[in-house]
Amino acid sequence: LRGYFYHDELAVMQKEFIKEKVVPYTLFHVYKMIPFFLGSGFNVAHAILAVEAPSMRSSLFPTEQENLTSAILRGDYAVVWRNITAYPVVTLERLSWLIIFGLAFLSPLFAPAGPVRRFLVLASLFILSMAFLSSPVIQPRYRVPIEPLLWPMFLYCLIFGYYTLLSWYKNRGFAKQKAQL
């Protein structure tokens, strides 16, 4: 970037803009993080197929889709609802990503104190920083570098969360209430 002729002037303008509007700029990044977590890889693949092989088009996937984060920013929830209901396969994929990321970010809660918990917290912070830094120009493919951290975190929460809830059920939960009856 330093090779640009007006690099110094642009850098000054950017710093002034960000200093004046820190909260809106941060909220913009947070809103634009949504496709990192919920973006559909099917949409990208289907858009490429629609151009390269038009005979393979399917009504299950949108060929052109409105920008959902922009619709959320505008408060146009009718567009969001229309996309959710019109493409159930894409909606199912997005829900699965929501569950995967949600459980991955819950994994530090089920880890015992120590190096495993510290690793899971650092991995969560790294994933969030990757999402925040790439948020203005995000594509679902930018999720690929964090997947080696994401899947073990998800599985850790799934397995140890299950055993934690099972032990709670046996020791303190409903089993204890039944014994009192």
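The notes below deal with the structure included here.

Thresholds applied
- Residues numbered from 1 in each chain as written.
- Predicted model: local features only at pLDDT ≥ 70, side-chain atom pairs only at ≥ 80, totals over all residues.
- Heavy atoms only, no water.
- Helix = DSSP H or I, 4+ residues; strand = E, 2+ residues; numbered from the N terminus.
- Contact = heavy atoms within 4.5 Å.
- Areas by Shrake-Rupley, 256 points an atom, 1.4 Å probe, with all protein chains shown as cover.
- Patch = residues over 30% accessible without salt bridge, like charges linked within 9 Å, V, L, I, M, F, W, Y side chains within 5 Å.
- Salt bridge = Lys/Arg side-chain N within 4 Å of Asp/Glu carboxyl O.
- Phe/Tyr/Trp six-rings, centres within 6.5 Å; stacked < 30°, edge-to-face > 60°.
- Buried < 20%, exposed > 50% of the residue type's maximum accessible area, 1.4 Å probe, protein only.
- Expected span 1.5 Å × (residues − 1).
- Bend = angle between axes of the 7 residues up to and from the residue.

1. Section: the overall build of the protein chain
Scanning the protein chain for helices and strands turns up ten helices and zero strands. Ordered by position in the sequence, the α and β elements of the protein chain form the string α-α-α-α-α-α-α-α-α-α. Long-range pairs, those at least 24 residues apart, make up 68% of the contacts in the protein chain between residues at least 6 apart in sequence. Here the protein chain displays about 12,600 Å² of accessible surface, and carbon together with sulfur accounts for 69% of that area.

2. Points about a nonpolar patch on the surface
A cluster of nonpolar side chains, F17, I18, V22, V23, L27, F28, Y31 and L73, forms an exposed patch at the surface whose accessible area comes to about 680 Å². Tracing the chain through its elements places Y31 in helix α2 (residues 22–32).

3. Quick notes on the environment of P35
Within the secondary structure layout, P35 lies in helix α3 (residues 34–38). Separated by 107 residues in sequence, P35 and Y142 place their C-alpha atoms 9.8 Å apart.

4. Thoughts on the packing of aromatic side chains
Using the criterion set out here, one finds eleven aromatic pairs in the structure. Arranged with centres 6.3 Å apart and planes meeting at 50 degrees, the rings of F36 and F101 form a pair that is tilted. Here F101 lies in helix α7 (residues 88–110) and F36 lies in helix α3, a separation of 65 residues in the sequence. Residue classification places F101 among the buried positions, given a relative accessible area of 3%. Through a chain of ring-to-ring contacts, the aromatic side chains of F36, F37, W97, F101, F105, W151 and F154 assemble into a single cluster.

5. Section: α7
In this model, α7 (23 residues) spans 32 Å end to end at C-alpha, consistent with the 33 Å of a helix rising 1.5 Å per residue. For α7, the principal kink sits at A104 and spans about 25 degrees; a proline, P108, occurs within the next four residues. Buried residues of α7: V90, T91, E93, R94, W97, I100, F101, A104, S107 and P108, and no others.

Coordinates in, geometry out; function isn't part of it.
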